[in-house]
Amino acid sequence: MTTPVCPFVKVARPDDVSSKKSSEIQNKQQGCPMSKEIQNKQQGCPMSKEIQNKQEGCPVSKAKQDSGDSGVISPKCPFGYDSQTFKLGPFSCLICHALLFESSRCVPCTHVFCKACIGRFNDCPLCGADIEKIEADANLQSVVDRFIDGHARIKRSPVDTDEKQVVGEKKTVIYEDVSLERGAFLVQQAMRAFRANNVESAKSRLSLCAQDIREQLEIAGNTSELCSQLGAVLGMLGDCCRAMGDGSSAVSYFDESVTFLSKVGTDDLEVTHTLSVSLNKIGDLKYYEGDLQAARDHYFRALDVRRNAIKDSSKAPSQVLDVAVSLAKVADVDRNLDAEDTATKGFQEAINLLESLKIKSEEDALEQRRLSVLDFLKNQLSKKQSD
């Protein structure tokens, strides 16, 4: 399997169907099954689970690591921002923990936060002073914007091995190109903002990241690494638009995400999973627009991607669960299109898959999800029998 230059493309986006809770696979009468992806618009970014497990960072390529043997030294941001740890610098909003966006100053205490963040408070969350009014701080925001534009773009040439040595050491110090961290840095800031419901901030950072990748595509062409990166970022932009209630823009971003992810080899299971998620999210949006045929087309495409994935892999339990969820989505639309026999076959196929699925005892969360999906599917069949 080829590892992309920046692993943040590997992370599932918010409301990923692979991480559905049991509540997300019930109440079919309220809409498309397992599609809280639409209803819970503000509940975190699809990438959030993996990011939290990695100290909120979105790690980038480890191709160049700190090494005592080689004398390589990773560059550090003087303000404390990096993609590996959770650090707040002087340009951060203390509410969303991301870089300031639309910097706004409280009067009279003068503490500064993002406009969207401080707008929810009547008193300063930092000092407790009553907020008499909020004023835009254009000067500070200009500094933040310049910082973002320059961050991770510093380049230092390797030290001449014949001239300079580390004091007390025989090794040559070589400074890594900081630009390798830029994509992860921008995504990290976007994810922090998204989780704090500062969606405009998240969208701004992701748009800049997408612009960077597009510039690289113009130079290097449609490499699998760049296409997978751009596909993931475009999908997250779709999530931002959906959270803002802009369904048409969300569909456009998801469509473009599908286009770029489709350019990547199908042997990359993480990419194919992300591709199927983008297709499902388009299906969900079409479903709630009432365009059932378009919803079914996208759900079926996602199902096809997932079926092919388990044909060519070791059939990991999570992938089999993904197939069962896709079968349920397609079957639900079939039922709404009055194709009851086809829907029944789809529900039964999903039940058979899950009943034959063996999950290790230590994977309790996965087993709970299997049982929840299985319960939903059986309820759908029982409804038909009782009608």
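A quick note: this is a predicted structure, and the numbers were derived from the prediction, not measured. (Residues numbered from 1 in each chain as written. Predicted model: local features only at pLDDT ≥ 70, side-chain atom pairs only at ≥ 80, totals over all residues. Heavy atoms only, no water.)

Participant: Tell me what's going on with the overall build of the protein chain, and back it up with residues and numbers.
Facilitator: The number of helices and strands found in the protein chain is 13 helices and five strands. Out of the 387 residues in the protein chain, the part that is buried amounts to 50%. Taking as baseline every contact in the protein chain between residues at least 6 positions apart, the subset at least 24 positions apart corresponds to 67%. Within the structure as shown, the protein chain displays about 18300 Å² of accessible surface, and the carbon and sulfur contribution to it stands at 48%. (Helix = DSSP H or I, 4+ residues; strand = E, 2+ residues; numbered from the N terminus. Buried < 20%, exposed > 50% of the residue type's maximum accessible area, 1.4 Å probe, protein only. Contact = heavy atoms within 4.5 Å. Areas by Shrake-Rupley, 256 points an atom, 1.4 Å probe, with all protein chains shown as cover.)

Participant: Lay out the packing of helix H8 (residues 247–261) against helix H9 (residues 269–289) in plain terms, naming residues and giving numbers.
Facilitator: What describes two packed helices is the angle between their axes and the distance between those same axes. Following both chains from N to C, one finds H8 and H9 inclined at 155°, their axes separated by 9 Å at the closest point. Judged by the inter-axis angle, H8 sits roughly antiparallel to H9. Where H8 crosses over H9, the two elements pack in a sense that is left-handed. Of the residues in H9, those touching H8 at Gly-247, Ala-250, Val-251, Phe-254, Asp-255, Ser-257, Val-258 and Leu-261 are Val-271, Thr-274, Leu-275, Ser-278, Leu-279, Lys-281, Ile-282 and Leu-285. Residues of the contact of H8 with H9, tallied by class, amount to 10 nonpolar, four polar and two charged. (Axes fitted to C-alpha atoms, helices over the stretch in contact; angles between N-to-C directions. Parallel < 35°, antiparallel > 145°, perpendicular 65-115°, else oblique. Left-handed = near helix turned anticlockwise from the far one by under 90°. Nonpolar A, V, L, I, M, F, W, Y, C, P; charged D, E, K, R; others polar.)

Participant: Now, about the confidence of the model for the protein chain: what can you tell me, with residues and values included?
Facilitator: Confidence in the prediction of the protein chain, expressed as mean pLDDT, is 76, and 68% of residues score 70 or more. Contacts for the low-pLDDT stretch residues 170–180, under 50 throughout, to residues beyond four places or in other chains number 38 contacts. (pLDDT = per-residue confidence, 0-100.)

Participant: Can you lay out helix H6 (residues 199–220) for me, pointing to particular residues and giving the numbers?
Facilitator: Note on helix geometry: an α-helix contains 3.6 residues per turn, so any two residues three or four positions apart are oriented the same way. Under the 1.5 Å per step criterion, the end-to-end length of H6 is 31 Å for 22 residues, consistent within 8% with the ideal 32 Å. Those residues of H6 that sit buried are Val-199, Ser-201, Ala-202, Arg-205, Leu-206, Cys-209, Ala-210, Asp-212, Ile-213 and Leu-217. Buried residues along H6 cover an arc of 165° about the axis, so they all sit on one side. Exposed and oriented more than 90 degrees from the buried face of H6 are Glu-218 and Ile-219. (Expected span 1.5 Å × (residues − 1). Arc of directions from axis to C-beta.)

Participant: Describe the UniProt feature "domain: RING-type" (unreviewed entry) in the protein chain, naming the residues involved and giving the relevant values.
Facilitator: The positions that UniProt labels "domain: RING-type" (unreviewed entry) are, in the present scheme, residues 93–127. For the annotated span residues 93–127, helix accounts for 11% and strand for 23% of the residues, and the straight-line distance between the end C-alpha atoms is 14 Å. (UniProt positions renumbered as here; feature names shortened; annotations may be inferred.)

Participant: Please give an account of the sheet that holds strand E4 (residues 133–136) that cites residues and values.
Facilitator: One open sheet accounts for three strands, arranged E3-E2-E4; its pairing is antiparallel. Two strands close off the open sheet at either side, each with one partner strand: strand E3 (112–114) and E4. Shown here is a sheet whose adjacent strand axes are inclined to one another by a mean of 40°, direction ignored. Pairing analysis gives three bridges linking strand E2 (residues 103–107) to E3, with the strands arranged antiparallel. (Pairing = 2+ DSSP bridges.)

Participant: Describe helix H5 (residues 182–195), listing the residues and the values that go with them.
Facilitator: Here H5 is 14 residues long and its end C-alpha atoms lie 20 Å apart, about the 20 Å a rise of 1.5 Å per residue gives. By the criterion of burial, H5 is predominantly enclosed, with 12 of the 14 residues buried. Among the residues of H5, those classed as buried are Arg-182, Ala-184, Phe-185, Leu-186, Val-187, Gln-188, Gln-189, Ala-190, Met-191, Arg-192, Ala-193 and Phe-194. The first or second residue beyond H5 is Asn-197, which carries a positive phi of 65°.

Participant: Explain the pairing of E2 to me, and be specific about the residues and the numbers.
Facilitator: Taken residue by residue, a regular strand's side chains alternate between the two faces of the sheet. Where burial is concerned, most of E2 is hidden: four out of the five residues are buried. Bridge count for E2 against E4 is four bridges, and the pairing is antiparallel. By the bridge assignment for E4, Arg-105 is matched with Glu-135.

Participant: Which residues make up the packing of aromatic side chains, and what are the values?
Facilitator: In this description, an aromatic ring pair is defined by two values, namely the gap between the centres and the angle between the planes. Applying the stated rule across the entire model yields three aromatic pairs. Centroid distance Phe-147 to Phe-185: 6.4 Å. Interplanar angle 80°. Geometry classified as edge-to-face. In this pair, Phe-147 sits in helix H4 (residues 138–150) while Phe-185 sits in helix H5, placing the two residues 38 residues apart along the sequence. Both residues of the pair, Phe-147 and Phe-185, count as buried. Between the aromatic rings of Tyr-287 and Tyr-288, the centroid separation amounts to 5.5 Å while the plane-to-plane angle is 65°, which identifies the pairing as edge-to-face. The exposure class of Tyr-288 is partly exposed, given its relative accessible area of 34%. An aromatic cluster is present here, built from Phe-91, Phe-147 and Phe-185 joined pairwise through their rings. The side chain of Lys-263 reaches across the aromatic face of Phe-260, ending 5.9 Å from its centre. (Phe/Tyr/Trp six-rings, centres within 6.5 Å; stacked < 30°, edge-to-face > 60°. Lys NZ or Arg CZ within 6 Å of the ring centre and 35° of its normal.)

Participant: Tell me about the pattern of salt bridges, residues and numbers included.
Facilitator: Within this structure, the stated rule accounts for 13 salt bridges. A salt bridge links Glu-135 to Lys-133; the nearest nitrogen and oxygen atoms lie 3.1 Å apart. Residue classification places Lys-133 among the partly exposed residues on the basis of a relative accessible area of 45%. (Salt bridge = Lys/Arg side-chain N within 4 Å of Asp/Glu carboxyl O.)

Participant: So what's going on with the nonpolar core? Which residues, and what values?
Facilitator: Leu-99, Leu-206 and Val-233 are the most contacted members of the largest nonpolar core, which totals 60 residues. Broken down by element, the residue count for this core peaks at 10 residues, all from helix H7 (residues 224–243). Aside from chain neighbours lying at most four places away, what touches Leu-99 is Tyr-81, Phe-91, Ser-92, Cys-114, Val-144, Phe-147, Ile-148, Phe-185, Gln-189, Ser-201 and Arg-205. (Core = buried A, V, L, I, M, F, W, Y, C linked by side-chain atoms within 4.5 Å.)

Participant: Outline the side chain of Ser-104, listing residues and values.
Facilitator: Among the structural elements, Ser-104 can be located in strand E2. Here Glu-102 takes part through its backbone oxygen, which lies 3.0 Å from a polar atom of the side chain of Ser-104. In this view, Ser-104 contacts His-111, Val-112, Phe-113, Lys-115, Ile-118, Ile-134, Glu-135, Ala-136 and Asp-137; residues no more than four positions away in its chain are not counted. (Polar contact = N/O pair within 3.5 Å; in protein donor to acceptor, adjacent residues only side chain to side chain.)

Participant: Can you lay out the packing of H5 against H7 for me, pointing to particular residues and giving the numbers?
Facilitator: Between H5 and H7, the shortest axis-to-axis distance is 12 Å and the interhelical angle comes to 25°. Compared by their axis directions, H5 and H7 come out roughly parallel. For the pair H5 and H7, the sense of crossing is left-handed. Contacts from Val-187, Met-191 and Phe-194 of H5 reach H7 at Met-236, Asp-239, Cys-240 and Ala-243. When the residues that make up the contact of H5 with H7 are grouped by side-chain class, the tally is six nonpolar, no polar and one charged.

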